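Summary of the model geometry
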Amino acid sequence: MSEPLIGEPPALDLVNTRPADGDLLQTTGQLTRWLGLQAGRLHGLPGDVTAADLAAVHAVRDHTARILEALLAERVPPTAAVDGLAAAQAAAPAVRTLEWGADGFTATVRRRGEPGTHVAAALADAAVDLLTDPAIARLRQCAADDCVLLFLPAHPRRQWCSPERCGNRARVARYYQRHKGAGR
C-alpha cells in the first residue's frame, strides 16, 4: 500500500487517504501518524485518537469525497453529505480564545463537546474551508490511469497528483511506447 500524499489542503489529503490500492487510515495508529503529518495545519485536536475517532473521520472523509465527486461531475452535491459535514462540525464547535503571553496576544482554538468528536470536527472544518475556497473550481483528478487521487493544480498544465509518483510513471510508459519497437 502506498504512503499518504501530503501537501494539498487537509480535506483533500484526507480524501486521498483512500487511493486505488486500499485505505491508508484503517487503524488508530495510521490515523495518529496521518494527523502528525498534518501538524500545524489542523487545530483543536486531541493527543490520542480512539476507534470512535477513526469511525467519525471515515464518515467525514466519505461525506467530503461524495461532495467532491459531485463537483467533478458538475452535479449538485448530495444533501446527506453536506448535512453530514455540518453535523460533524456541530458535534465539537471550535472556539477561538484570546490569550496574553510574553510575545503578546495569541488566539488558541479550543473545541467544545466530547473529545471523541474533535478530530472529525476539525476535518469537517477543513472540508468547509476547501469547499468555500474559490480554488475549488480548479479541482482535478489525477490523469494517471490507475490513480484516483484529487488535487488543486497551482499550474493549469498540471496533470498528476504528484510529479514523482504518477508523473514519472506516465512519462516512463510514454517512453516505453515510443521505443518498444525501436530495438528490433
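In case you missed it, the structure is sitting above this.
A brief structural summary. It should be emphasised that the depicted structure is a prediction, and the values quoted were computed from it without experimental measurement.

1. Quick look at the overall build of the chain
Scanning the chain from terminus to terminus reveals 6 helices and 4 strands. In terms of principal-axis extent, the alpha carbons of the chain reach across some 70 × 40 × 30 Å. The buried share among the 184 residues of the chain stands at 36%. A separation of at least 24 residues holds for 50% of the contacts in the chain among residues at least 6 apart in sequence. Working note: accessible area of the chain is about 10,600 Å², and carbon and sulfur atoms make up 55% of it. One finds the centroid of the 21 positive side-chain charges in the chain at a distance of 10 Å from the centroid of its 20 negative side-chain charges.

2. Section: a nonpolar patch on the surface
A cluster of nonpolar residues, Leu98, Trp100 and Phe105, forms a patch on the protein surface that exposes about 440 Å² of accessible area. Its location among the elements puts leucine 98 in strand S1 (residues 94-101). Here leucine 98 falls in the exposed class, since its relative accessible area comes to 61%.

3. Here's the deal with the packing of helix H4 (residues 79-91) against helix H5 (residues 118-132)
Following both chains from N to C, one finds H4 and H5 inclined at 130 degrees, their axes separated by 8 Å at the closest point. Relative to H5, the element H4 is oriented oblique. Handedness of the H4/H5 crossing: left-handed. Together, Leu85, Ala88 and Gln89 of H4 and Ala120, Ala121, Ala124, Asp125, Ala127, Val128 and Leu131 of H5 make up the contact between the two elements.

4. Brief notes about the pattern of salt bridges
Evaluated as defined, the whole model comprises 6 salt bridges. We note a salt bridge from aspartate 23 to arginine 61, for which the minimum N-O separation is 2.9 Å. Placement of aspartate 23 in the loop between helix H1 (10-15) and helix H2 (28-37) and of arginine 61 in helix H3 (residues 51-72) is noted, with a sequence separation of 38 residues between them. Overall, arginine 61 belongs to the buried group, its relative accessible area being 3%. Across the pair aspartate 125 and arginine 111 runs a salt bridge whose closest N-O atoms are separated by 2.5 Å. Of this pair, aspartate 125 sits in helix H5 while arginine 111 sits in strand S2 (residues 104-111); the two residues are 14 residues apart in sequence, bridging distant segments of the chain. The class for arginine 111 is buried, based on a relative accessible area of 12%.

5. Digging into the packing of aromatic side chains
Under the definition given, this model contains 1 aromatic pair. A ring pair is formed by tryptophan 100 and phenylalanine 105, whose centres lie 4.9 Å apart and whose planes are at 70 degrees; its orientation type is edge-to-face. The exposure classification of tryptophan 100 matches that of phenylalanine 105, with both residues exposed.

6. Examining the packing of H3 against H4
Between H3 and H4, the shortest axis-to-axis distance is 8 Å and the interhelical angle comes to 140 degrees. As far as their axial angle goes, H4 and H3 are oblique. As H3 runs across H4, the sense of the crossing is left-handed. Side by side, H3 and H4 meet where Val60, His63, Thr64, Arg66 and Ile67 of the first sit next to Ala80, Ala81, Val82, Gly84, Leu85 and Ala88 of the second. When grouped by side-chain class, the residues that make up the contact of H3 with H4 number 7 nonpolar, 3 polar and 1 charged.

7. Observations concerning the nonpolar core
Core analysis: the biggest nonpolar cluster contains 31 residues, and Leu31, Val60, Leu68 and Leu123 have the highest contact counts within it. Apart from the residues within four sequence positions on either side, leucine 123 is in contact with Leu14, Trp34, Leu42, Val57 and Val60. Core analysis: the second largest hydrophobic core is formed by 9 residues, Cys142, Ala144, Cys161 and Cys166 among them.

8. Describing the pairing of S1
Pairing analysis gives 8 bridges linking S1 to S2, with the strands arranged antiparallel. Considered in S2, the bridge of valine 95 is made with arginine 110. Taking the residues that link successive antiparallel strands as the turn, the S1-S2 hairpin has 2 residues.

Conventions and cut-offs
Residues numbered from 1 in each chain as written. Predicted model: local features only at pLDDT ≥ 70, side-chain atom pairs only at ≥ 80, totals over all residues. Heavy atoms only, no water. Helix = DSSP H or I, 4+ residues; strand = E, 2+ residues; numbered from the N terminus. Buried < 20%, exposed > 50% of the residue type's maximum accessible area, 1.4 Å probe, protein only. Contact = heavy atoms within 4.5 Å. Areas by Shrake-Rupley, 256 points an atom, 1.4 Å probe, with all protein chains shown as cover. Lys, Arg positive; Asp, Glu negative; His and termini not counted. Charge placed at Lys NZ, Arg CZ, Asp CG, Glu CD. Patch = residues over 30% accessible without salt bridge, like charges linked within 9 Å, V, L, I, M, F, W, Y side chains within 5 Å. Salt bridge = Lys/Arg side-chain N within 4 Å of Asp/Glu carboxyl O. Axes fitted to C-alpha atoms, helices over the stretch in contact; angles between N-to-C directions. Parallel < 35°, antiparallel > 145°, perpendicular 65-115°, else oblique. Left-handed = near helix turned anticlockwise from the far one by under 90°. Phe/Tyr/Trp six-rings, centres within 6.5 Å; stacked < 30°, edge-to-face > 60°. Nonpolar A, V, L, I, M, F, W, Y, C, P; charged D, E, K, R; others polar. Core = buried A, V, L, I, M, F, W, Y, C linked by side-chain atoms within 4.5 Å. Pairing = 2+ DSSP bridges.

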